2 protein chains.
Amino acid sequence: MSKELIFGHQNPDTDAIVAAKAFSYLQNKLGYDTEAVALGEPNAETEYVLAHFDEPAPRVIKTAGNEVESVMLVDHNEPQQSVSDLSDLTVTHVIDHHRIANFNTAQPLWYTARPVGCTSTIITQLFDQNNIEIPAKLAGLMLSAIISDTLLLKSPTTTPEDETVVKELAKIAGVDYESYGLDMLKAGTDLDSKSDLELVDGDAKSFELGGKQVRVGQVNTVDLADVFSRQSGLEDVMKSESEAKGYDIFLLLATNILDSNSELLVVGEPKDKVEQAFGKKLNDDNRMLLPGVVSRKKQVVPPLTDAFEG
Amino acid sequence: MSKELIFGHQNPDTDAIVAAKAFSYLQNKLGYDTEAVALGEPNAETEYVLAHFDEPAPRVIKTAGNEVESVMLVDHNEPQQSVSDLSDLTVTHVIDHHRIANFNTAQPLWYTARPVGCTSTIITQLFDQNNIEIPAKLAGLMLSAIISDTLLLKSPTTTPEDETVVKELAKIAGVDYESYGLDMLKAGTDLDSKSDLELVDGDAKSFELGGKQVRVGQVNTVDLADVFSRQSGLEDVMKSESEAKGYDIFLLLATNILDSNSELLVVGEPKDKVEQAFGKKLNDDNRMLLPGVVSRKKQVVPPLTDAFEG
């Protein structure tokens, strides 16, 4: 069996990095020859996680076709979020917890999607189904990914499966997940060290909605004012990125992880579709408060999809 | 939890009918409220199976939105093979063993695809993973579906998983699967009782390849001459169906289940793409022998996709 690369989405978050490592470990135990790589450098939160568990960052690739013919995707399926030469490659496996969109194959494949909070939750279940033991370090890494994706089990994306798996992994890893989780989340909110571009685009994903190229970034913070005190610089970067990359509209979701509220900043058009999606007007600053909204996947992309494609 | 309908593809074969019944049984055991239905009447082989195990045919529906808001798909995902009002519905679960194409959702969902010979193989594994006992009758039905899809484990789509599951199900059902399987396959090859339209379109599926509407029918036989003695009538129906339904090209794959060879009949254009796909010319009768080809999914659709989209 020839070697395959496994990777998460562009602008990798903790789950994208960790799920690739975990799925590679599992697949190699099952007889595959795989290597976990990444489509970008770890963010500040992921760096904290990797340092805490003494795990190296994965190798970063720009293309895969120069190394392998087949790949496995974790934590994404939409081609515009994946490796740039995906259309030249065969995707043999996908493990994901997002909607399915613009993902087409010529051949049957392994595809395991579950509507749970984190890819690492699904991979933990796959370890259990295959009776393969999870090493303590890997348990700590997957635990971190679930804490990251579910904001310590407080996001509305959280399911009973995530809660069960978090307790299972915390036990294996020997970690007090609540105190560790808060430290970890806070490590990802040090905005002063980030450039405007890093803040706006560091966790951004692209979506094709109703023929429009929609970019949605998200930044976690413990104080929304830390984000919007830099609004002018952020808007400049959102405009220049849109011009350079061909986005019609760029949304930045700033999320307060302590009180689970977000505020949206919008650059580009059609803004009226964004207003339609959330049933309220942008203020004169092109901003909109979204109380209780913390999940891009569950609370932002579906209403945008309905508004843009309705 | 509100009720959901579960169904296989249009022109249902044995797996499409049986997988819906089996997955509905499983999901109801897991706490869902589902009903297995079908998008068409059972074919001759499926009628033989249902009669053998004293199981009623499922209710046939034309649309689902008049009954439910959400549905579960088995044995297909491509919208043009599904219920006519699929775009108005939420798909919550898919269990399938085909390529993924033109399948888009707004929300995360359960999607379990495996590159195995039959959807019923995957569903048997889901029963086992959930520790839910398979009733003898359901084991016989799922066994029949796997025999049908894999031509008694002889098709190149057959995997070790299918072989393992066939033995497991035969034991539960108390069936000698080899003798039963041959009787069952032969029951599906009584072509004299079929009209030209039934023969051409009874098992046909639509594919959108490189912007062309491609219809691919398949008929099993124990003698290819039984099919091609009716070629003129078959071509007339393929032409009139293409005009009525907007197909650019219609392929009929006649498969000899005894020696595992097929012959293709082609009506419409672009025929050169079909010749390119299989690396050989159609004869003056618009026919092409395909030795060793028995699987539309694995041996016909992928080369067509490469030729039409390459």
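Please refer to the structure placed before this passage.
No experiment lies behind these values; they were computed from the predicted model shown. Per-chain numbering applies: the sequence of each chain, read as written, is numbered from 1 onward. The naming scheme follows written order: chains are lettered A onward, ligands numbered 1 onward. At least 70 in pLDDT is required for a residue's local features to be given in this predicted model, at least 80 for side-chain atom pairs to be given and counted, and no such filter applies to totals for whole chains, interfaces and linings, which use all residues. Heavy atoms throughout the structure, all of them, feed into the side-chain values; hydrogens and water do not.

> Give me the lowdown on the packing of helix H1 (residues 14-29) of chain A against helix H3 (residues 119-129) of chain A, citing residues and values where you can.
All names here are of chain A. Interaxial angles span 0 to 180 degrees and are taken between N-to-C directions of axes, which are lines fitted to C-alpha atoms, for helices over the stretch in contact. Runs of E in the DSSP output that reach at least two residues are strands. Runs of H or I that reach at least four are helices, and both are numbered from the N terminus. The contact between H1 and H3 brings their axes to 9 Å, and the two run at 15 degrees. With respect to their mutual orientation, H1 and H3 come out roughly parallel. Seen along the crossing, H1 lies across H3 with a hand that is left-handed. When H1 is examined against H3, the residues Asp-15, Val-18, Ala-19, Ala-22, Phe-23, Tyr-25 and Leu-26 are found in contact with a partner set consisting of Thr-119, Ser-120, Ile-123, Leu-126 and Phe-127. Taken together, the residues that form the contact of H1 with H3 break down as nine nonpolar, two polar and one charged. Should an angle fall under 35 degrees it is taken as roughly parallel, and over 145 as roughly antiparallel, whereas 65 to 115 is taken as roughly perpendicular and any remaining angle as oblique. A crossing counts as left-handed when the near helix is turned anticlockwise from the far one by less than a right angle, and as right-handed when that turn is clockwise. Any two residues having at least one pair of non-hydrogen atoms within 4.5 Å are treated as being in contact. By the convention adopted, Pro, Cys, Tyr, Trp, Phe, Met, Ile, Leu, Val and Ala count as nonpolar, Lys, Arg, Asp and Glu as charged, and the other residues, Gly among them, as polar.

> Describe a negative patch on the surface, naming the residues involved and giving the relevant values.
Residue and element names in this part refer to chain A. The grouping of Asp-190, Asp-192, Asp-223 and Asp-226 at the surface amounts to a negative patch. Its location among the elements puts Asp-192 in the loop between helix H6 (177-187) and helix H7 (196-201). By relative accessible area, Asp-192 is classed as exposed at 72%. Patches in this entry comprise residues that are over 30% relatively accessible and not in a salt bridge; like charges within 9 Å are linked, as are nonpolar side chains (Val, Leu, Ile, Met, Phe, Trp, Tyr) within 5 Å. A 1.4 Å probe and the Shrake-Rupley method give the accessible areas. Residues count as covered only by the protein chains that appear here. The rule for a salt bridge is simple: a side-chain nitrogen of Lys or Arg has to be within 4 Å of a carboxyl oxygen of Asp or Glu. Charged-residue counts in this description rest on Lys and Arg as positive and Asp and Glu as negative, His and the chain ends being excluded. Charged side chains are reduced to one point each, which is NZ for Lys, CZ for Arg, CG for Asp and CD for Glu. Type-normalised accessible area, obtained with a 1.4 Å probe on protein chains alone, sets the label of each residue: buried when under 20%, exposed when over 50%, and partly exposed for intermediate values.

> Report on the packing of aromatic side chains, specifying residues and quantitative values.
The description of an aromatic ring pair uses the distance of the two centres, along with the angle that the planes make with each other. Only Phe, Tyr and Trp rings are paired, with Trp represented by its six-membered ring, and only when their centres lie within 6.5 Å; those with planes under 30 degrees apart are stacked, over 60 edge-to-face, the remainder tilted. Scanning the model with the defined rule gives 11 aromatic pairs over all chains in all. Between Phe-103 of chain A and Tyr-111 of chain A, the ring centres sit 5.5 Å apart and the planes meet at 70 degrees, which makes this aromatic pair edge-to-face. For Phe-103 of chain A, a relative accessible area of 2% puts it in the buried group. A relative accessible area of 0% means that Tyr-111 of chain A is categorised as buried. The rings of Phe-103 and Tyr-111 of chain A together with Phe-103 and Tyr-111 of chain B are connected pair by pair, giving a single aromatic cluster. Should the NZ of a Lys or the CZ of an Arg lie within 6 Å of a ring centre and within 35 degrees of the ring normal, that charge is described as sitting over the ring. In this structure, Arg-287 of chain A is placed above the aromatic ring of Phe-228 of chain A, and the distance from its NZ or CZ to the ring centre is 4.1 Å.

> For the interface of chain B and chain A, give the residues involved together with the corresponding values.
Quite often, the size of an interface is put as the accessible area lost when its parts meet. Contacts between chain B and chain A engage 24 residues on the former and 24 residues on the latter. A quick way to say it: buried area is the sum, across both parts, of accessible area lost when two parts are put together, with a 1.4 Å probe. Interface of chain B and chain A: buried area, both sides summed, is about 2300 Å²; carbon and sulfur atoms make up 56% of it. Looking at the side of chain B facing chain A, the largest losses of area belong to Ile-100, Pro-108 and Arg-114 of chain B, adding up to 25% of the total buried there. Run the count over chain B and chain A and you get zero salt bridges. Pairing of N or O atoms within 3.5 Å defines a polar contact, subject to two protein rules: one partner must be a possible hydrogen donor and the other a possible acceptor, and residues neighboring in sequence count only if both atoms are side-chain atoms. Seen at the junction of chain B and chain A, the total is 11 residue pairs in polar contact (both at pLDDT 80 or more). Counting only elements with at least two residues in the side of chain B that touches chain A, the list comes to strand E5 (110-113) and helix H11 (296-309) of chain B. For the side of chain B that touches chain A, the element with the highest residue contribution is E5 of chain B, accounting for four residues. For the side of chain B that touches chain A, the class distribution of residues is 11 nonpolar, nine polar and four charged. Summarising the sheet, strand E6 (residues 110-113) of chain A and E5 of chain B pair through three bridges and their orientation is antiparallel. Looking across to E5 of chain B, one finds that Tyr-111 of chain A is bridged to Ala-113 of chain B. For two strands to count as paired, DSSP must find a minimum of two bridges between them.

> Describe the sheet that holds strand E4 (residues 90-96) of chain B, listing the residues and the values that go with them.
Taken together, 11 strands build an open sheet; the order of strands is E3(A)-E2(A)-E1(A)-E4(A)-E5(A)-E6(A)-E5(B)-E4(B)-E3(B)-E1(B)-E2(B) and the sheet is mixed. Strand pairing shows two members of the sheet lacking a second neighbour, strand E3 (59-60) of chain A together with strand E2 (34-36) of chain B, which therefore form its edges. With three bridges joining them, strand E1 (residues 4-7) of chain A and strand E2 (residues 34-38) of chain A adopt parallel strand pairing. Along E2 of chain A, the bridge assignment pairs Leu-5 of chain A with Glu-35 of chain A.

> Lay out H3 of chain A with the relevant residues and their values.
Because an α-helix packs 3.6 residues into every turn, residues spaced three or four apart end up facing the same way. Residues and elements named next belong to chain A. Buried residues dominate H3, accounting for eight of its 11 residues. When we look at burial in H3, the residues that qualify are Thr-119, Ser-120, Thr-121, Ile-122, Ile-123, Thr-124, Leu-126 and Phe-127. Buried residues in H3 make contact with H1, strand E4 (70-74), strand E5 (90-96), E6, helix H4 (136-150) and helix H5 (160-173). Asn-131, located one to two residues past H3, shows a positive phi value of around 55 degrees.

> Before we move on, could you go through the sheet that holds strand E7 (residues 205-209) of chain A and cite the residues and values that matter?
Residues and elements named next belong to chain A. Ordered in space as E7-E8-E9-E10-E11, the five strands form an open sheet in which the pairing is mixed. Either end of the sheet is taken by a strand with one partner, and the two such strands are E7 and strand E11 (287-290). Within this sheet the neighbouring strands show an average axis-to-axis angle of 25 degrees, counted without direction. Note: strand E10 (residues 261-268) against E11, four bridges, orientation antiparallel. Counted as the bridge partner of Leu-264 is Met-288 from E11. Of the strands in this sheet, strand E9 (249-256), E10 and E11 touch helix H10 (residues 271-278), which is tilted by about 155 degrees from E10. Against the sheet, helix H11 (residues 296-309) contacts E7, strand E8 (212-221) and E9, and its axis sits at roughly 30 degrees relative to E7.

> So what about the environment of Asn-102 of chain B? Which residues, and what values?
All names here are of chain B. Structurally, Asn-102 can be placed in the loop between E4 and E5. Judged by its relative accessible area of 31%, Asn-102 falls in the partly exposed class. C-alpha separation for the pair Asn-102 and Tyr-25, spaced 77 residues apart in sequence, amounts to 28 Å.

> Residues and numbers for the side chain of Asp-75 of chain B, please.
Residue and element names in this part refer to chain B. Position of Asp-75 among the secondary structure elements: in the loop between strand E3 (70-74) and E4. Buried Asp-75, no salt bridge; nearest opposite-charge side chain is Lys-205, N-O distance 5.2 Å. A distance of 3.0 Å separates polar atoms of two side chains, one belonging to Asp-75 and the other to His-9. Polar contacts involving the side chain of Asp-75 include one to the side chain of Thr-119, which spans 3.0 Å.

> For the environment of Val-216 of chain B, give the residues involved together with the corresponding values.
Residue and element names in this part refer to chain B. Summarising the element assignment, Val-216 is placed in strand E7 (residues 212-221). On the accessibility criterion, Val-216 (0% relative accessible area) is buried. Through-space distance from the C-alpha of Val-216 to that of Asp-201 is 8.4 Å; in sequence the pair is 15 residues apart. Non-local contacts of Val-216, meaning those with residues more than four positions away in its chain, are made with Asp-203, Ala-204, Lys-205, Phe-207, Leu-251, Arg-296, Val-300 and Leu-304.

> Describe helix H5 (residues 160-173) of chain B, with residues and values.
All names here are of chain B. To estimate how far a helix should reach, multiply one less than its number of residues by 1.5 Å. Between its first and last C-alpha, H5 extends 20 Å over 14 residues, near the 20 Å set by a 1.5 Å rise per residue. Buried within H5 we find Asp-162, Val-165, Val-166, Leu-169, Ala-170 and Ala-173. All buried residues of H5 project into a common sector of 135 degrees when viewed along the axis, lining one side. In H5, the exposed residues that point more than 90 degrees away from the buried face are Pro-160, Thr-164 and Lys-171. Lining the buried residues of H5 we find helix H3 (119-129), helix H4 (136-150) and helix H6 (177-187). With its phi angle positive at about 70 degrees, Gly-174 sits one or two positions after the end of H5. The arc in question is the one spanned by the directions pointing from the helix axis to the C-beta atoms.

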